[in-house]
Each structure stands twice: as structure tokens, then as C-alpha cells.
Amino acid sequence: MKLQLFSLFSFVLLISSACRGEARRICKCRPNQWWCWPTGWDWDEFSTKLSTPNALIKNQRPMGAVCYPKDPLYDPVACQSLNYTLHGFDFAFMSSRINATNWYNYDSIIYPDYFEETEVGCPYFPLTPDSICEQGRVPLYAVNASTTQDIVEAIKLASKWDIRLVVKNTGHDAIGRAFGVNALEIFTYNMKNLTVHNNFVPKGAPRGTPPVPAMTVGAGVNWDQAYAAADAAGRTIAGGLSPMGTVGTAGWNLGTGHSLLSSHFGLGVDNSLEFTVVLPDASVVTVNEYLTPDLYWAIRGGGGPSFGVVVDITIKLHEAKKYTGAFYESYCNSDACFLELLTTWMKYHNAVADAGWSGIWPTCDRIFYLTLGTPYDVAPSRQTINVLKEFMEEAKGILGNHVTVSEFRDYDSFEDFCEKNLKQDPTAVGFNMTEIVFGQVQLVTSSWLLPREATAPENAAKMAKAVASVDSAVVVPFLVGGGAVNDPAKKSSSAANPAWRNTLVDMTIAETGSEFDDINVLQKTVHDDIAPFRAMAPPPYGGMYLNEADILEEEWQVAQWGEQYPRLLEIKKRIDPKDLLIVRMGVNSEGWDDEITCKTVTTSLAAYAFTRTKTVTTNLAAYAFTRTTEIASVWVLVVVLILTLVSLNWYLQLVDTRPVVSLFQAFL
Ligand SMILES: Cc1cc2nc3c(=O)[nH]c(=O)nc-3n(C[C@H](O)[C@H](O)[C@H](O)COP(=O)(O)OP(=O)(O)OC[C@H]3O[C@@H](n4cnc5c(N)ncnc54)[C@H](O)[C@@H]3O)c2cc1C
């Protein structure tokens, strides 16, 4: 009886444990797992489906490999040509590399500092001749995409074999989302198609929808190229600010996109009319407000590549206007002077934004800069100019403040302003935007969107103190809110952080270091520096800009998307049920480890066993099928070859086969 009771008890325990939800891990396929990783044969077959024979790069190695004497790829000439200047790597050069992001820390795996090594990667130049170039986060396989079909095939392959998939455009992303360990990379940088439309109407729009001027940019078009095309068409486009215009239109737009023209024309998401996207199920769709309203909402601000891989984007164009730039630069010889200067600036801050000015007000080492601009139809008003002049005048009187630049300049257009100030132009003035973070090989960022109340004159002293206390290399506050950005009707019109709709300034902090500095220390520095600003407006009142994310932000969902996150998550789960396009701190990345290799799910043993068995069986079936096809094909080839030789011999009588035949008969 006792035994029966015991057995019953064990059975109940077993059943309840099988049904109870417990934490279990499911992982993406890794190259050392023969049963799920594509064979050489599969890669070759995949390659034939791509647009060019060289589109697939197999066994891709980090950019620095050519500089390592111990690496099979060692090539001193190629190493020389890596374009390393006295200042570091050129932004345009780095953006164009398929096997590197913009900064070394995103190419390497970062371990917590209790490990002996904090980063495992391939520093661009070896420390010693014996150093080893480690693969780090550089994807092992890459597709240099030039057509939609290339993207479709890459998605199909990654989905079939359950491989980690990443998308790199320029690699500017601030937490390295463009790369990943053991991944297949889709490189969209070379998709440079560009079309200007005088009368664009989104597909499926109701009859009578007024056409607007617009530009369709391929996923690899960067702002420099878009500005040039807009200028040539006599129009203007609200795009981002970056050295040599290197920021990509794709990642910028998907992550929201702020511009010096945003207070006049809105954020990137407010100007993107239509997208061509390859979804995680490999279908190609047109995404706009009429055909796919949910996806159109999510893709604008949900962050790349969470809702699909973008082939192109159609962006609204605006009437070209002349542009006025305002520049200021001064150096304080004491902390007291610097604090007074910042307090004075903060008293004017919101009034300057409300008068129509946008731009940046960077500070570092007690130097304060203003690089602002405004379209001409705003500038002629006396109030616009006067508010800045008043600040400049008051700042002049601060004891110990040495003013070096204080002037206004006229430009033919916003594009002309960018051309003259972002591209090593000798006429550039004030803050050197061409070299914004140029020269350092590690970079980490943090950002906080501050509601206008936080930057109001009554908080001037508090804000000034927070700015003056920043330890990181540079503070680059982007004064890009207000005006059209703050349109309350836009608050939930896209997935962009609703905090933008009450923001004037996006406080951005960057810390830089050499490739041998401890990355954990750099990250902690920016994270600590942003804390006082975060405390002024915790989420969802304030928020983090996902395109300038802080890797240590714990409440990243509400910080990046406020109250919109649940809707985003629901759409994401519907569009990408197999978690194909997951990025760090991206939608539905909960449970995944930092490298999106394994996910911890809470599930019952029974459900887990069922899913695992299904996955393993599917993988094994796919493997067996491929192997059988491979083996069968080899045998078919051998038989065909023998038959051909025999027939040829029979016809030409080259070799006397009678002894072989009689031997065969004797054997039988
Ligand atoms: C120097 C500098 C200046 C900047 N200035 C501004 C600015 O003025 N305004 C502003 O808003 N931001 C600015 N940023 C931030 C910028 O918006 C982000 O770095 C953005 O991620 C860049 O996108 P990308 O396509 O160039 O970069 P990537 O790093 O290649 O891509 C960014 C993200 O988008 C994904 N992605 C890329 N291409 C695709 C695609 N075709 N389909 C789907 N997903 C894709 C990537 O996987 C990645 O997750 C700046 C950044 C830097 C470094």
C-alpha cells in the first residue's frame, strides 16, 4: 500500500513538474553544431541564388586580421591601406566596411570585468607581433546585398537553419546592434538607388490624396548623398548631422531620426511615407499608412531591424529655403565662470528653441559652443536673431569667459550649411563637426530626452550644474525638439518615443577611448553622467533616444518607447514569431542574452520537450535530406561517368575490356 502511495505521489510530482512553467534555454544554431548549421554544400547552393557570384562572403574575418603576422590573412600592404590617419579611422571609410562597425568595441565580445580579459576581438593594430586576431562579434558569413532578392534569400537561409541574423548599413549604431556573434550579416550599405518624385502618392491611397514631392532612397543611402540629391532637385530634406554626412538614412529613420530641420518639418518618422520591406517570413511588402497601418506605425521608431529588413524608404521633400547659421565658442578660465556661462545659456535655452533655432551646444573642458541654424523664413524676424544676440551679449560680461567665435552666417540652403560644416571645409566655423568623435576607436553613448519644463529658466542653475559635472569626453546636447516635433497630434502616430513630443533637447553624452581602455569603465562613466538628467524626468516623462542608447539602461522598454511598448511587442510577436530579427534592447529581446544567442523562456517541461523535439527533428530532417541529396548526387555523377566511359569505349574500341568482363563473370 505504502509503495502504491509512493508511486502515485511520484507520478503526480512528475506530471506537475512537466506542466509547471520553469526557466529553460533555447539557442540559435552555432557553427560547431553540425546537425543544424548549413554545410559547405548549402552555402554554395545559397550563393548561386544571390545577385552576384561574390555577394556571399564565407568565413569573414575582422578588418584588422590583415595586420596580424600570425593570421593566415596577414598582408602588410593591405594593412597599410587601412586608411588609418593621424587622428584615427575616417568615418566614411569605416561605414563602407562590411567586416567592421564604426568602433572597435562593437566588433568585440565584451565580458564583465571579473574575467581577465574584458574584450575579445581584433584591435585594428596588434599590440605585439604574437597577438591573435579573434573573431569577436564580426559575423562569420555576410551577404553584400545589392537587390531585394539577396535580402529575401538571406532571410530564408537564416530562418531555415535558425541562425542569428544581423543587418549592417553604416555600423553607426551606438550599442553595436549591426553586428553579432556567429551571425549571418546582411550588408545594405551598397544599395544606393535614389529617385526624386515631384508628385508622390503612397500605394493604396484613396483617390484624391494630394501628391507631395518625395525621394525614394535605397537602404544604403546616407545623408550626404540624400542632401546632394535634394539640393540638385531644388528641394530640402530633414536629415541628420554627422561627419561627412555618413549617418545612414535607414537606421536613422527606423530609430526615429532627428534633424536640425525637425522643429520645422518634424522627426524622421513624421516624414517617411512608404517603405519596401522584407519581412521575417521573407515576403516583400510595401509598408505605408494605407496598406499596412500597424506595421507602418511600428517600423517608424520601433528600431531597425526589428520589423523587417528595409530595401528602400520614401521620404517627404520640402521647399528649399535659405539657411542662417549661428556660431559661438568661448572658453572659461575657472569652474565658477563655466557654471555661470552655462546658467546664463540655460536661461535663454527654451526661448532660443521657440524662436526657431535648432542645433547643438556641445561642451567639454570648460569650452562652450553653439552651432545653430534656422531657415530664412524664420530668421528675418528680429526676435529670432535678437534672442541669440542677447545671450551672446550677456555671456560677454561673464568674468573669465574668453569669446573666440560669435557670428551669424548665411547659406544657400540647409544642405549648403551641412556641406560647409561637416566635410573638412576650410570655411567651417566653431565646433569641429567633421571630427565629432573622430580619432578614438572605442565609443559609448548615453542620451536623455528632457521635457521643456526641465530646461525652463527656473531650472537653469540645476541644469548648468548637471552639465558642468559631466566627466565623459563630450556632451553634445541636440536642440532639435520644439515646433513640429512637439505637435501633440503626433504623440502616438508612430512608435517613436512619445517623450519627443514634449522635448526641446536630447542630452547626448559620449565617452571615447583607445582600443585598450576598459570598456566597462567607459560605459559606467556615461551611464553615471546621464543619471542626473534622467532623475530630472524619469520615463515615460523623459526618455532615452534609441539611436543613441545607453547599454546599461535597465528600463530600456519604457525608456525608449514609453507607454507604446505593449503595442510594439504585440506587433513584433505577430510579424516575427521565430525571433529572427532580434537586437539588443530591441523589441521582444527580453529573455535573450546580450549576444542574442540563447533565450531563457518560462515554459513547462512538456511544452519545452515538444518544441525542442520539433526543432531538432526538423533540423535533422533538413540535414539528412541535404546529406542524402549530396550523396545521391555524387553517386549519380559516378554512375553517369562510368556509363559514359563504357559507351565511349564501346563505340571507339579504345581499350579491350574482354579480360575485365571475363574476370567479372568468373567472380559471379
Ligand atoms: C557621428 C554620428 C552622428 C549622428 N547624428 C545623428 C543625428 O543628427 N540625428 C539622429 O537622429 N541620429 C544621429 N546619430 C545616430 C544615428 O541615427 C544612429 O547611429 C543610427 O543607428 C544610424 O543608422 P545607420 O543605418 O547609419 O547605422 P547601422 O548601425 O548600420 O544601423 C543602425 C540599426 O539599424 C539597423 N539597420 C540598418 N540598416 C537596416 C535596414 N536596411 N533594414 C533594417 N534595419 C537596418 C541595424 O541592424 C542597426 O540595428 C548619429 C550617430 C553618429 C555616430
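Residue positions are given per chain, counted from 1 along the sequence in the order it is written. Two thresholds apply to this predicted model, a pLDDT of at least 70 for residue-level local features and 80 or more for giving and counting side-chain atom pairs, whereas whole-chain, interface and lining totals are computed over all residues.

An unreviewed UniProt entry lists the chain under the name FAD-binding PCMH-type domain-containing protein, with Tetrapyrgos nigripes given as the organism.

Asks: Now, about the overall build of the chain: what can you tell me, with residues and values included?
Replies: Counting secondary structure elements, the chain contains 19 helices and 26 strands. Overall, the chain is about 115 × 85 × 65 Å in size when its C-alpha atoms are taken along their principal axes. With C-beta atoms placed from the backbone, a residue is labelled by how many other C-beta atoms lie within 10 Å of its own: buried for 20 or more, exposed for 12 or fewer, partly exposed between the two. Of all 668 residues assigned to the chain, the portion counted as buried reaches 47%. We call two residues in contact when their backbone-placed C-beta atoms lie within 7 Å. Once local pairs closer than 6 in sequence are excluded, the contacts in the chain between residues at least 24 apart make up 74%. Every helix listed is a DSSP run of H or I at least four residues long, and every strand listed is a run of E at least two residues long, numbered separately from the N terminus.

Asks: Just give me the short version of the site of the ligand, but keep the residues and values in it.
Replies: We count a residue as near a molecule or strand when its backbone-placed C-beta atom lies within 6 Å of that partner. Neighbouring the ligand are 33 residues, the closest being Gly-240, Gly-248, Gly-251, Gly-304 and Pro-305. Of all the secondary-structure elements, those providing two or more residues to the shell around the ligand are strand S8 (165-168), helix H7 (249-254) and strand S15 (309-316). A per-element tally of the shell around the ligand places H7 first, with four residues. Residues are sorted three ways: Asp, Glu, Lys and Arg are charged, Ala, Val, Leu, Ile, Met, Phe, Trp, Tyr, Cys and Pro are nonpolar, and all the rest, Gly among them, are polar. The class makeup of the residues in the shell around the ligand is 15 nonpolar, 14 polar and four charged. Where each domain starts and ends follows an automatic or database-derived domain assignment. Each of domain 1 (194-318) and domain 2 (323-557) contributes no fewer than three residues to the shell around the ligand.

Asks: Describe the sheet that holds strand S2 (residues 56-57), listing the residues and the values that go with them.
Replies: Strands pair, by our definition, only if DSSP identifies at least two bridges between them. On the basis of which strands lie adjacent, the open sheet formed by four strands has the order S2-S7-S9-S8 and mixed pairing. Two strands bound the open sheet, and with one partner strand each, they are S2 and S8. Bridging between S2 and strand S7 (residues 141-144) involves two bridges; their strand directions are antiparallel. Of the residues in S7, the one forming a bridge with Ile-57 is Ala-142.

Asks: Summarise helix H13 (residues 414-422); cite the residues concerned and give the values.
Replies: Among the nine residues in H13, seven count as buried, and that is most of the element. Residues Phe-414, Glu-415, Phe-417, Cys-418, Glu-419, Asn-421 and Leu-422 constitute the buried set of H13. Looking at the buried positions of H13, the neighbouring elements they touch are helix H6 (223-232), strand S12 (235-236), strand S17 (323-332), strand S20 (367-375) and strand S21 (401-411).

Asks: Break down helix H17 (residues 565-575) for me, with residues and values.
Replies: Along H17, the residues that are buried comprise Leu-568, Ile-571, Lys-572 and Ile-575. Down the axis of H17, the buried set is contained in an arc of 100°. They therefore lie on one face. Opposite the buried face of H17, by more than 90 degrees, sit the exposed residues Pro-566, Lys-573 and Arg-574. Along the arc lie the directions from the helix axis toward the C-beta atoms.

Asks: Explain the pairing of S7 residue by residue, including any values.
Replies: A two-sided burial pattern is seen for S7, the buried positions comprising Tyr-141 and Val-143 on one face and Ala-142 and Asn-144 on the other. Pairing between S7 and strand S9 (residues 184-187): four bridges, direction parallel. From the neighbouring strand, Val-143 faces S9, where its bridge partner is Ile-186.

Asks: Would you mind going over the domain arrangement of the chain in detail, with residue names and values included?
Replies: By a widespread convention, an interface's size corresponds to the accessible area lost as its parts come together. You can read the domains of the chain as domain 1 (194-318) and domain 2 (323-557). At the junction of the two partners, domain 1 supplies 30 residues and domain 2 supplies 34 residues. When residues of the side of domain 1 that touches domain 2 are traced back to their parent elements, those giving at least two are H6, helix H8 (262-265), helix H9 (268-271) and helix H10 (293-299). Looking at the side of domain 1 that touches domain 2, the element that brings in the most residues is H8, giving four residues.

Asks: Please provide a residue-by-residue account of unusual backbone geometry, values included.
Replies: At the junction of Gly-304 and Pro-305, the peptide bond is cis and its omega measures out at -10° in the coordinates. Within the secondary structure, Pro-305 is located in the loop between H10 and S15. Of note, the amide linkage connecting Pro-539 to Pro-540 takes the cis form, showing an omega dihedral of 10°. Relative to the helices and strands, Pro-540 resides in the loop between helix H15 (519-536) and helix H16 (556-561). Phi at Asp-162 takes a positive value of approximately 55°, unusual for a residue other than glycine. Examined against the element boundaries, Asp-162 turns out to sit in the loop between helix H5 (148-161) and S8. Even without being glycine, Thr-256 reaches a positive phi, approximately 120°. Along the chain, Thr-256 turns up in the loop between H7 and H8.

Asks: Explain the nonpolar core residue by residue, including any values.
Replies: Membership of the largest hydrophobic core comes to 161 residues, with the highest contact counts inside it found for Leu-165, Ile-186, Val-277, Ile-299, Val-310 and Leu-450. For this core, the element with the highest residue contribution is helix H11 (residues 335-354), accounting for seven residues. Looking at which domains feed residues into this core, each of domain 1 (194-318) and domain 2 (323-557) gives three or more. Apart from the residues within four sequence positions on either side, Leu-165 is in contact with Ala-158, Ala-183, Leu-184, Ile-186, Leu-580 and Leu-581. Note on terminology: a nonpolar core is any set of buried Ala, Val, Leu, Ile, Met, Phe, Trp, Tyr and Cys residues joined through C-beta atoms within 7 Å. Listed in part, the six residues of the second largest apolar core include Ala-65, Tyr-68, Cys-79 and Cys-122.

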